[in-house]
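Chain by chain, the residues:
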Amino acid sequence: MRAIWKGAVSFGLVSIGVKLYSATEEKDIRFHQVHREDGGRIRYKRTCSVCGEEVTYDDIAKGYDIGGGEMVILTDEDFADLPLTSSRAIDVLEFVPAEQVDPILYNKAYFLEPEGAATKPYVLLRDALIDSERVAIVKVALRQREQLATLRVREGVLLLNTMLWPDEIRTPDFGFLDEDLKVRPPELAMASSLIDSMTGEFEPDVFTDDYRAALQEVIDAKVEGREVVQPEEVEEAPAAAVDLMAALKASVERAKAARGEQPARSSGGGGGEPTPISSARSAQKAAEKKAAKAPAKKTAAKKTAEKKTAEPAKKTAAKKAEPAKKTAARKTAPRKSA
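In this report, we go over the structure that sits alongside the text. (Residues numbered from 1 in each chain as written. Predicted model: local features only at pLDDT ≥ 70, side-chain atom pairs only at ≥ 80, totals over all residues. Heavy atoms only, no water.)

### Quick look at the sheet that holds strand β5 (residues 89–97)
Point 1. Judged by pairing direction, the barrel is mixed, and its seven strands sit side by side in the order β1-β2-β6-β9-β8-β7-β5 before closing back on the first. Ignoring which end each strand starts from, the neighbouring axes of this sheet average 40° apart.
Point 2. As paired strands, β5 and strand β7 (residues 134–141) are joined by six bridges and run antiparallel to one another. Note on β7: the bridge partner recorded for Phe-95 is Ala-136. (Pairing = 2+ DSSP bridges. Helix = DSSP H or I, 4+ residues; strand = E, 2+ residues; numbered from the N terminus. Axes fitted to C-alpha atoms, helices over the stretch in contact; angles between N-to-C directions.)

### Regarding a nonpolar patch on the surface
Point 1. A contiguous nonpolar surface patch, about 370 Å² in accessible area, is contributed by Tyr-64, Ile-66, Val-72 and Leu-74.
Point 2. At the level of secondary structure, the elements contributing two or more residues to the nonpolar patch comprise β3 (62–67) and β4 (70–74).
Point 3. Its place among the elements puts Leu-74 in strand β4.
Point 4. Residue Leu-74 is classed as partly exposed on the basis of its relative accessible area, which comes to 33%. (Patch = residues over 30% accessible without salt bridge, like charges linked within 9 Å, V, L, I, M, F, W, Y side chains within 5 Å. Areas by Shrake-Rupley, 256 points an atom, 1.4 Å probe, with all protein chains shown as cover. Salt bridge = Lys/Arg side-chain N within 4 Å of Asp/Glu carboxyl O. Buried < 20%, exposed > 50% of the residue type's maximum accessible area, 1.4 Å probe, protein only.)

### Describing helix α3 (residues 185–197)
Point 1. An ideal rise of 1.5 Å per residue puts 18 Å on 13 residues; α3 measures up with 18 Å between its terminal C-alpha atoms.
Point 2. Those residues of α3 that sit buried are Glu-187, Met-190, Leu-194 and Ser-197. In an axial view of α3, the angular spread of the buried residues amounts to 85°, which keeps them on one side of the axis. In α3, those exposed residues whose orientation departs by more than 90 degrees from the buried face are Pro-185, Leu-188, Ile-195 and Asp-196.
Point 3. Contact partners of the buried residues in α3: α5 (244–258). (Expected span 1.5 Å × (residues − 1). Arc of directions from axis to C-beta. Contact = heavy atoms within 4.5 Å.)

### Re α5
Point 1. Over its 15 residues, α5 runs 21 Å from end to end, which matches the ideal 21 Å to within 8%, given 1.5 Å per residue.
Point 2. For α5, the set of buried residues is Met-245, Leu-248, Val-252, Ala-255 and Lys-256. All buried residues of α5 fall inside an arc of 100° around its axis, so they share one side. Away from its buried face by more than 90 degrees, α5 exposes Arg-254, Ala-257 and Ala-258.
Point 3. Buried residues belonging to α5 abut α3.
Point 4. Positive phi shows up at Gly-260, right after α5, with a value of about 80°.

### Section: the nonpolar core
Point 1. By size, the foremost hydrophobic cluster in this structure holds 21 residues, and its most contacted members are Val-9, Val-18, Ile-90, Leu-112, Val-138, Leu-151 and Leu-160.
Point 2. Looking at this core, the elements with two or more residues in it are β1 (5–11), β2 (14–22), β5, β6 (106–114), α2 (119–132), β7, β8 (146–154) and β9 (157–163).
Point 3. One finds Leu-105, Val-135, Leu-148 and Met-163 within the second-largest nonpolar core, a separate group that totals seven residues. (Core = buried A, V, L, I, M, F, W, Y, C linked by side-chain atoms within 4.5 Å.)

### What to know about the packing of α3 against α5
Point 1. Contact pair α3 / α5: the axes reach a minimum separation of 9 Å and the direction vectors enclose 20°. Taken as axis vectors, α3 and α5 run roughly parallel relative to one another. Crossing hand, α3 versus α5: left-handed. Contacts from Pro-186, Glu-187, Met-190, Ala-191, Ser-193, Leu-194 and Ser-197 of α3 reach α5 at Leu-244, Met-245, Leu-248, Lys-249, Ser-251, Val-252, Ala-255 and Lys-256.
Point 2. Considered class by class, the residues forming the contact of α3 with α5 number nine nonpolar, three polar and three charged. (Parallel < 35°, antiparallel > 145°, perpendicular 65-115°, else oblique. Left-handed = near helix turned anticlockwise from the far one by under 90°. Nonpolar A, V, L, I, M, F, W, Y, C, P; charged D, E, K, R; others polar.)

### Quick notes on the pairing of β7
Point 1. The element β7 is extensively covered by neighbouring structure, given that six of its eight residues are classed as buried.
Point 2. As paired elements, β7 and β8 share six bridges and run antiparallel to each other. The residue of β8 that forms the bridge with Val-138 is Ala-149.

The following block contains the structure:
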């Protein structure tokens, strides 16, 4: 990494020499504008709208439009005379709990590295911030602009987070804020259940930029001259549901299925956990079904027993009938003549 700023952290009467490094970097795939026919780069010239001449950077100044076609021109000398008291210092103003700083104020992040013999006071400030569980509110001048910022500790390093000024935060002005919308308690309970079913530990490494990966695959395929493989289609977002409760219930079941949990069985067609009343009704229905099956089983058992009793009787009658048949046959047989 390359240091983009050098200065000192002013902590009471202690001065800590530091170097400033960008803590983040954008991973967007950047393109150049080119001529479609021959691939030539598109160049832009800085021309004056009054005289039409091309202007170099040395002849460019900053202008402030005051309206009516009038422009106030400011030069580098005008900016140099501005009273930036913290031009090369990070002035600590106060220490506050981190949760009191609204995240919407955060802008950019920078690492601070101790310079020279400033390592010991650097470590002292770092450890003091950790023990106090506070962040330092500071002022710093970067790129000719004074900015509000915080100092906190991340992975053993002091991290400077520049912040927006309070008057740079817009106030939301939307019509629905003036509407008297009532949320029913069952809907709120079901929404809370959905949040509970989707609660987990935030692990940023799990999330990836699928669009950038697919775009890089397209570029690599173009370079290598191979066929471009179409990425998988992203599942379309469901349409707005008319029944909010039905959508919430379906979302809860879907979240539980994604976690490998068994979906909750509903009683009487409803969702959620079984109540004492629904449990009693289920038990009553089970008893009625059991009672209805019992006579049928007894009848079937009775018929089976009668069948078993009848079979030996038939066999005995058959045995008795056989000698009678033999005797009758002997009597009817003709006698031989002497």
